[in-house]
Structure formats: structure tokens, C-alpha cells
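Residues per chain are reported as follows:
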Amino acid sequence: MKVTPEKKKGSDTPMMRQYLEVKERYPEYLLLFRVGDFYESFYEDARKVSEALNIVLTRRSNGASADIPMAGFPHHACEGYIARLVKKGFKVTVCDQVEDPSQAKGLVRREITDIVTPGVTYSDEILDDKHNNYLCALCFMKKGRERRAGVAFIDVTTAEFRIADLQPEQVKDMLQSIQPSEILLSSRDKSYSDTVSRILPQEVVVTILDDWMFSEESASQVIERHFKTHSLKGFGIDSAFAARVAAGVVLHYLADTRQNRLQYITRIALVDARDHMTLDLQTKRNLEIISSMQDGSTSGSLLQVIDKTCNPMGARLLRRWLLRPLKRIDAIQARLDAVEVLIEEGAVRKALAEGLGGIHDLERALSRIATFRSMPREVRSLGSSLQKLPAIQALLKDSGSDRLKKLVSGLDLLDEITSIIESAIDPEAGAKLRDGGYIRSGYNAELDLLRSVSSNAKSGLMEIQQAERRKTAISTLKIQYNRVFGYYIEVSKANSDKVPDYYEKKQTLVNAERYTIAELKEYEVKILNADEKSQMLEQELFRDLCVRITACSKEIQQNAEIVAELDCLHSYACCSEAYGYVKPEVKEHGNLSIKNGRHPVLERILHVDEPYVPNDCFFDKKQRMLMVTGPNMAGKSSYLRQNGLIVLLAQVGCFVPADAAEIGLVDRIFTRVGASDNLTSGESTFLVEMNEAANILNNATGKSLILLDEIGRGTSTYDGMSIAWAMSEYIQSVVGARTLFATHYHELAELEERFDSISNYNATVVETADKVVFLRKIVRGASDNSYGIEVARMAGMPSEVIQRAKEILSGMEKRDIMISFGKECAGTIEPQSRQIYLFEEEERKLKNAIEALNINTMTPLDALLELKKLQDLAGGDG
Ligand SMILES: Nc1ncnc2c1ncn2[C@@H]1O[C@H](COP(=O)(O)OP(=O)(O)OP(=O)(O)O)[C@@H](O)[C@H]1O
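Counting restarts for each chain: residues are numbered from 1 in the order of the written sequence. In keeping with the model being predicted, local features are shown solely for residues with a pLDDT of at least 70 and side-chain atom pairs are shown and tallied solely at 80 or more, while totals for entire chains, interfaces and linings include all residues. Derived side-chain values reflect all non-hydrogen atoms in the structure, with water molecules and hydrogen atoms excluded from consideration.

Describe the pairing of strand E21 (residues 660–664), and please don't skip the residues or the numbers.
Of the pairings in the sheet, the one linking strand E17 (residues 585–587) to E21 comprises three bridges and is parallel in character. Paired with Val586 across the strands is Ile663, a residue of E21. At least two DSSP bridges between two strands are needed for those strands to be called paired. For the purposes of this entry, the term helix denotes a DSSP run of H or I that reaches at least four residues, the term strand denotes a run of E that reaches at least two, and both are numbered from the N terminus.

Encoded structure:
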């Protein structure tokens, strides 16, 4: 049943009318409505909530109207429930009672107090320490003949706010690299949501907004208002018109979702594609950079091996660094030099780890403090984190690395706010604001006074207790307190006959009676007044403190950035040292030389008895493509990936697993590995493979690194082989990229003879009498056997099947030879020369035509005409 509020309001109860009014403002959101100790949802929302949370769907009576569906949960458990709803892709509005129901005249006042969406949340239950959570706006604009796409993304919990101005076809890569949780689109570009769900692997919520928000004028206004500037020139985003519009939309949306305390978002920056390498989804996936292909977890990924970070800011940055390798040598060199210094100075590294480990998540703490979502304990830990900065600064201020020196000189020690926090918050502060007692004594005179009134009165209570015990001769008489009855005197049932007349009964329990007396009432008023006032004052003081901390947002964020970078460099140094990595030389040229390189992840996983076998890789002006053949399981894919990962590690500024490495700067790493299905988007395995291959051919440059594994496997052997052959030719003659090509098509080895720039390599094996031993060494020359059946045998295939496969293989090999060369050649070809000459067909037609000519009977004119025909056949244009 859909609610039409206008129609229903008339006969509804006042509370339901109130509900419907709120619901009307955010119809798209699930509304959680506070009723007593519960958050309730009604109508359609109730059905969705009940299904999503697996809680009972009940009914609530609604005055003269029919009962309505209802589902709810206790308010104290709301964070967990809201998190579950948001993780399922719902957007939620929370409507609270904003006055004490016991004080309310008539219906209690309610207001929306929070809006939570997948892209706008501060909840620990939803967020992951090591991940950024991005809200992203996307718009397509046209100016004159130019079509641009604007992308803006923000993590409200860390205040990272960036924009990018792109060609529309670059959007896919950008979105895949941001991996937002929520995307904002104009109603005009609504259809793009299908593309979004196709290109992003994870669940992403698409929110469609009115098109007017996507105008340049409105965007500029909202940005200028937020950053309190008259122009956007200072941010360097003035010319990026589409990106600016997207940024405006993000700010609009945040305002719409009532995020009205955004002062801590102090910066906006343009993503410059020239500084960073773009890694498309395939490459991220194939190289298993942040998650393994097997189960999508970080286990078995490069990130897992490299991540030795000590705090969440570092962990988040490391993930971003691995996904955005650098393209500028000076920046790479600065990181490498810093890592080298940290490796050399073990004691400094250890002290740095201690300092970094003591720093909590400054970014997320700040965002919660700025939006009044924080608890005293978090403020206290922000203060103690800031106190760690001077030691870190002292440790590295004379470092041998310019980068480290520069970083620590940028730290703002924020002495004043640190000491204010120290003097304000009690180190033993509890987790809740309601409990009070978290502001230290001595911080505020008025609070101290109220507290002393309260505690004097409390010691007065002890005196009353003593006096009453004396007067009544009841030694067990006690003065106690609870929230409902306030202060009372408790006397056991056995002694109740000794109670004097001036005792006024308040409550009877099974074993005891509770009373009050005039004197106790007086004290109670004094104490409760003082307690209430001091609690209110504490909250006020805490808020003021939060505001003061927010005023230091820029400095805190800058410190957070520096700490994160130090943490990443430290992490690089730790793993480089532990795993015996070397400092790569990164150069502007287009060569590459890796001596005894290893796969950073595999070498950590393999058993000590079977250590990883290192391999070289070499490209120069002459040698641009390595054609790697070899049997299954010989280590071809691992070899390709290892070289990709070594280049990546070098360009993120980390040492590399090799004996030596000189890397000519790579502008992009392309990978096409194995056959992967994308059935959800309705594309066949082969189509996906060809899409990816086309993307490589169209976008790679002479500075790229291409890793091709098993191209053309998804189709018939001859089609596949022809495509692989033609791609290799194209890459060599047109693109010129450094290419590693692993293939089972041994026929491709022929290319070496046709192109100087292609060299054959193979993954070696040794055949013994009854098995094949993989040496994992990649050596010069082509391999001529595939041993697929041998691998099947190793995998435990029944021996009958293996035997039969061998027979079929031998039969097929004979037939292949006949297809290629005609019957006359059958059986005479040596295995080594079993090539299929792909471009022979044309030549043969030409040959046949020439042989068919009868020169003896031809006139000169006939001869000329025949010559013309032959020229046409040869494809010439005469
Ligand atoms: N250099 C190496 N040293 C030690 N073990 C290795 C090495 N390279 C690969 N291996 C091991 O061999 C296994 C198979 O390697 P890989 O997948 O690279 O072979 P492949 O030749 O690409 O096989 P296929 O053609 O079937 O895809 C790896 O999982 C790894 O355990």
C-alpha cells in the first residue's frame, strides 16, 4: 500500500499526522520515527524494514482509520539496525522526540535529527577503518563543441574532497578507481545508472537529483558560499567547469541531507591525471593489488604484503597509493630516498613506529567532533594523539631524507588546543555524554561550584542517615537513590514497625519499605538541581570545546595527511627490509631491466622447501616484446604479474623484490589475463576478452607496459591465434609498448623471425621418465610442448582419460598438419616446424593463378590483362 498523505491525514491520529508530514519531506528515505523507547517505521517502510532486518511486521491502530503496518526496534540498539539498513542500500531519516514527553503539552515535538545514506555516514558500524567511503557526483556537460564529464567525490569522514574534469570516456576508469558507495546523477542523465551498475563491481546506490542542481551558476554559488571565497581561482579549479558543477552538487546534497556543520571540509583539489597512473579495473584485479581474485579479500593481495601501517590514516593512504602509482620521477625518488633512510636507521624506524602507533584516527575523530557526534573519550584521544607529534618531529627533523624533513616541518603541534583538551577532559571519561563527569575539575569555576554544592549535599545525606539510624534504632536503615523515585530511606520489612510517624511511605517491596522525610526532600532538590545544572553545563562546555577544535580543522587535517604519509613510508621501509627488497632506479627512458625479480605475494606464500625462483626481465630500444611460451603450470602468468607488480611497486615509491631493477617510467600498466566472465552484464567471456584487448590497443603508448596472458583463448584455436598474432604485430609496429605475452600458441614463436623487437622466452621444464618437473626458470628460446595432459594427470584425472587424451591429441596433431599443408605433407613434418602460416592463403591463391596461366597461347594484350588481374589479386592499386 502506498501512502498518499494528503488523503489520509484527515482521519489519522495526531501522531500519524505528524509522521506523514515528516515523511512527505523525504519520501525516498526510510523514516525511523521515535515513539517512546522505540524507533518505528510505518506503511511501506515498515514492510521494507521488517524484511531487511528480519524483524516482526506488526500493526498499529490509527484512530478512526484502518490499522497500519508497523515495524520497529529499541532506540538503544538503533546504530546497529541503521547500519544494517544502510549497508543494504537504504537511505534513512531519523526523527527524534526533541522535548521531554513528560513536559510536553499535547503531542511531543519531533524533528529529523539525522539522515544516513551509504555515502553520508559517520557511523563506526558502517565504516571500515582502512577504507575511505566516498559520495560521488557525476555530470556530463557541453560547452560549445566540447563535451566534458565532471566528477566530484568526498569522504565526509576524512574531509577529502576532490574533483576531476574528464573526457566522458574516462569516467569509467575514474569511477572504478574511486569505488564510491553512492553516486549522484541528474535526472537528465538518469540512464547512466545502468552503466554505473555495470562498471562498478560492488553495490552502489544511485541517487537521482533534480537537474537544476547541475547548473554552473548554482554550483559556483554553493561552492563559494561553503569556502567563503569570492572566486574559485585560489583552488585552481576555475577552468574545470564540469568538475565544478559536480562539486556544487555534492555540497547541495550534503545540505539537503542536513549536514549543516561542514566547516571542517576546508579544501577541494583537482585530480591531475598527469601526475598519476590510471589503473583500470582489470589491472587492479589481475595484479591482485588490493584484493585477491580468489575471494575478494585482502588476503593474498599486494596490499596485505606491503601493509605494515600503524594507524588507520596510513592504512587508507597506502591503499590509495597502491591504486594511484606516480608518474613523476621527482616524487617517486623522494619516497624511495625516504624509505632508504628509514631502512638504514633501524632505531629511528622503531621509534617512529611507536609514535605513529599512538596516534588515533585524527581525520575521522575531527569529522565527528565537528558534527557534534563525538564523545568525550574521542576528544581526549585526539588530544593525546596530538601530543605524540613533537616527538615525531624531533625524530625526523634532521633526517637524511629531504622528504621526511619537509613532512615533519609541516606538522602543526597545536600546543594550545592540545593543552585545552588535556585540561578539559577527564582521562577516565566514560563513553556517554549523558553520564556527565567528563569535564575535569579546575576547568570551569561554575561547574566546580555546582559540583561542590552537590557533593556537600551528598555528605549531608550521610549525616541524615546517621541521625535517622540513631533516632529509630534501625542500624540497617539506608538512604538510596534511583532515577524513578529519587532519594529515599529504605527499611527492611522486619524493622518497619520501628518506623516513626513522620516517615512518609513511597514504595513497598517484597522485603523492604521505602520512605521519605521532609529533610531528605530538601536535600534532594538541592542535589538534583545542582546535578542537572552541572550536567547541562558540562554539555555546553563540551560543545564549546568541539567548536574550538573544529576551528583548527585545517591544521589537524594537515597533520593527519603528514602522519599518514609517514606511516606509509615507514610501512614500505619495514617490508622492504624484512623481505630483502632493493631500491629501484627509476628513469625517464623507455627501457626496463629487472635482475632476479620475484613475485612479492607468491614468494611469501610458497613453502620454504620450494622457494620462489627469481627471474630476469629485460626491455630496451631493440627488445620490446617477450613472447613467453611454456606448458601449463610452468609459471608464465606468475612471471608476467611479478614484473607488473615490480614496476607498480617502484612507481608507488617502494623498494622492489629483485636483486636490481632499473625501471623506465611507465605511463600505464595494461593487463589482459585469462578469461573472466562478466555474465551479469550479459557479455560473453570472449566479448569481455576482446573488449579488454581493444582497450589496450587503443590506449597504450610507447611508455606503457602490457601484460597479455592467453589472448584469444575464448574462441576457436585459429581465430584466437590469428587475433593474438595480429595484436602482437600491431603492438610492435604501431604502439611500441614494452610487452610480455604469455601464450600456449607455440606458433606465435614464429614472430621472432619477423620482428627484431620480439624475442622468444620459455618457462623451462625437465621431462623425466614418468613426470614433468617445472623449473620455473624463464629462459631464451621458444618451447615446443604444452604438457597439458601431464598437468591433467597431476591433477588426478583417471588414467583411462589420460590415455585416451593422448590418443586423441596425436590424431588431432596429424589432422592439423593436413589442414595446414595439404595431404601431401601429412606425416612428413617435423614437430618443431609445425607452424601454421597465417598469411599464406593469399600467397597461395596468387601462386595458383600464376601457375594456371598458359603463356604459349597468350597475346601481348592478354598478358597485360592477366598481369592486371594478378596485381589486383595481390592487393596492389597499380
Ligand atoms: N618463479 C616461481 N617460483 C616458484 N614457484 C612458482 C614460480 N612461478 C610460478 N610458481 C608456482 O606455479 C604455479 C603456477 O604458475 P602459473 O600460474 O604462473 O603458471 P602458468 O604457466 O601461467 O600456467 P597456465 O598456463 O596453466 O596458466 C603458481 O601458482 C606458483 O605456485
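After that view, the rundown keeps rolling.
I'd like to hear about the packing of helix H17 (residues 402–409) against helix H21 (residues 553–579), residue by residue, with values.
Here an axis means a line fitted to C-alpha atoms, over the contact stretch when the element is a helix, while the angle between two N-to-C directions is reported on a 0 to 180 degree scale. One way to put it is that H17 packs onto H21 with a least axis distance of 9 Å and a crossing angle of 155°. When the axes of H17 and H21 are compared, the pair comes out roughly antiparallel. Here H17 runs over H21; the crossing is left-handed. In this structure, H17 uses Arg403, Leu404, Leu407 and Val408 to contact H21, whose residues at the interface are Ile562, Glu565, Leu566 and Leu569. In terms of residue class, the contact of H17 with H21 is made up of six nonpolar, no polar and two charged. When an angle is under 35 degrees it counts as roughly parallel; over 145 it counts as roughly antiparallel; between 65 and 115 it counts as roughly perpendicular; any other value is oblique. Crossings are assigned a handedness: left-handed for a near helix turned anticlockwise from the far helix by less than a right angle, right-handed for a clockwise turn. Contact definition: two residues touch when any of their heavy atoms are within 4.5 Å. Residues are grouped as follows: Ala, Val, Leu, Ile, Met, Phe, Trp, Tyr, Cys and Pro are nonpolar; Asp, Glu, Lys and Arg are charged; all remaining types, including Gly, are polar.

Could you give an account of the UniProt feature "binding site: ATP" in the protein chain, with specific residues and numbers?
UniProt positions are given in the numbering used here, feature names are shortened, and annotations may be inferred rather than shown by experiment. Sites flagged by UniProt as "binding site: ATP" map to Gly630, Pro631, Asn632, Met633, Ala634, Gly635, Lys636 and Ser637. Within the secondary structure, Gly630 is located in the loop between strand E20 (625–629) and helix H23 (636–651). Non-local contacts of Gly630, meaning those with residues more than four positions away in its chain, are made with Lys636, Thr743, His744, His746, Ala763 and Ser783. Structurally, Ser637 is set in helix H23.

Now, about the site of the ligand: what can you tell me, with residues and values included?
Residues are counted as near a molecule or strand when any one of their heavy atoms sits within 4 Å of it. Looking at the ligand, there are 15 residues lining it, with Val613, Met633, Lys636, Ser637 and Ser638 nearest. As used in this structure description, the phrase polar contact means that two N or O atoms lie within 3.5 Å; if the pair is within protein, one of them must be able to donate a hydrogen and the other to accept it, and residues adjacent in sequence are counted only when both atoms belong to side chains. The contact in question runs from an oxygen atom of the ligand to an N or O atom on the backbone of Met633, over 2.8 Å. Contact between the ligand and His744: an oxygen atom at 3.1 Å from a side-chain N or O atom of the residue. At three residues, the largest contribution of residues to the shell around the ligand is made by H23. Within the shell around the ligand, the residues separate by chemical class into seven nonpolar, five polar and three charged.

Tell me about the sheet that holds strand E16 (residues 512–516), residues and numbers included.
Across the sheet, which stays open at both edges, the four strands sit in the order E13-E14-E16-E15 with antiparallel pairing between neighbours. Only two strands of the sheet have a single neighbouring strand rather than two, namely strand E13 (478–482) and strand E15 (504–508). Each strand axis lies, on average, 40° off the axis of its neighbour in the sheet, ignoring direction. Sheet topology places strand E14 (residues 486–492) next to E16; four bridges connect them, and they run antiparallel. For Ser492, the partnering residue across the bridge sits in E16 and is Ala512. In this fold helix H19 (residues 445–472) packs onto E13 and E14, with an angle of close to 140° to the strand it touches most, E13. Contacts from helix H20 (residues 518–550) reach E13, E14, E15 and E16 within the one sheet, and its direction differs from that of E14 by about 140°.

Break down the packing of aromatic side chains for me, citing the residues and quoting the values.
Centres within 6.5 Å are what make two rings of Phe, Tyr or Trp a pair, Trp counting through its six-membered ring; a difference in plane orientation under 30 degrees is then read as stacked, over 60 as edge-to-face, and the rest as tilted. This structure, assessed with the given rule, holds 16 aromatic pairs. Judged by centre distance (6.3 Å) and plane angle (50°), the ring pair of Tyr39 and Phe73 falls under tilted. Placement of Tyr39 in strand E2 (residues 38–42) and of Phe73 in strand E4 (residues 65–74) is noted, with a sequence separation of 34 residues between them. Judged by relative accessible area, Tyr39 falls into the buried class, the value being 5%. Take Phe73: its relative accessible area is 1%, and that puts it in the buried class. Aromatic side chains Tyr502 and Tyr503 sit 5.3 Å apart centroid to centroid with 65° between the ring planes, which places their arrangement in the edge-to-face category. Three exposure classes are used, based on accessible area relative to the maximum for each residue type with a 1.4 Å probe and protein chains only: buried under 20%, partly exposed in between, and exposed over 50%.

Account for the pattern of salt bridges, with residues named and values stated.
A side chain of one charge can pair with a side chain of the opposite charge if their charged atoms are brought near each other. Salt bridge, as applied in this entry: a Lys or Arg side-chain nitrogen positioned within 4 Å of an Asp or Glu carboxyl oxygen. All told, the structure shown has 47 salt bridges when counted by the stated rule. Residue Arg188 is joined to Asp211 by a salt bridge in which the shortest nitrogen-to-oxygen separation is 3.1 Å. Residue Arg188 is located in the loop between strand E10 (182–186) and helix H6 (192–199), and its partner Asp211 is located in the loop between strand E11 (205–209) and helix H7 (216–227); the two are separated by 23 residues in the primary sequence. Note on Asp211: relative accessible area 29%, which makes it partly exposed. Notably, a salt bridge pairs Glu416 with Arg548, separated by 3.9 Å at the nearest N-O pair. Placement of the pair is Glu416 in helix H18 (residues 415–424) and Arg548 in helix H20, with a sequence separation of 132 residues. Here Arg548 falls in the partly exposed class, since its relative accessible area comes to 39%. Several salt bridges share partner residues, and in doing so they unite Asp124, Arg368 and Glu378 into one network.

Before we move on, can you summarise a nonpolar patch on the surface with the specific residues and values?
Note on patches: the residues involved have over 30% relative accessible area and no salt bridge, like charges join within 9 Å, and the nonpolar side chains Val, Leu, Ile, Met, Phe, Trp and Tyr join within 5 Å. Accessibility throughout is a Shrake-Rupley quantity obtained with a 1.4 Å probe, and a residue counts as covered only by protein chains that appear here. A grouping of Leu861, Leu864, Leu865 and Leu867 is seen on the molecular surface, where their side chains present a nonpolar patch of about 440 Å² in accessible area. If you trace the backbone, Leu861 turns up in helix H30 (residues 860–873).

Could you give an account of the pairing of strand E8 (residues 146–155), naming the residues involved and the relevant values?
When you tally the buried positions in E8, you get eight out of 10 residues, the bulk of the element. Sheet analysis places strand E7 (residues 135–143) next to E8, joined by nine bridges and oriented antiparallel. Following the sheet pairing, Met141 is matched in E8 by Arg148. In this structure, the hairpin formed by E7 and E8 is closed by a connection of two residues, where Gly144 is found at a positive phi of approximately 60°. Here E8 pairs with strand E9 (residues 160–166) via seven bridges, running antiparallel. Opposite Asp155, over in E9, you have Glu160 as the bridge partner. Counted between consecutive antiparallel strands, the loop separating E8 from E9 contains four residues, among which Ala159 sits at a positive phi close to 70°.

I'd like a rundown of the environment of Ile711, residues and numbers included.
Among the structural elements, Ile711 can be located in the loop between strand E23 (705–709) and helix H25 (717–735). On the basis of relative accessibility, which here comes to 0%, the residue Ile711 falls in the buried class. Sequence spacing of Ile711 and Thr743 is 32 residues, and the spatial spacing of their C-alpha atoms is 7.2 Å.

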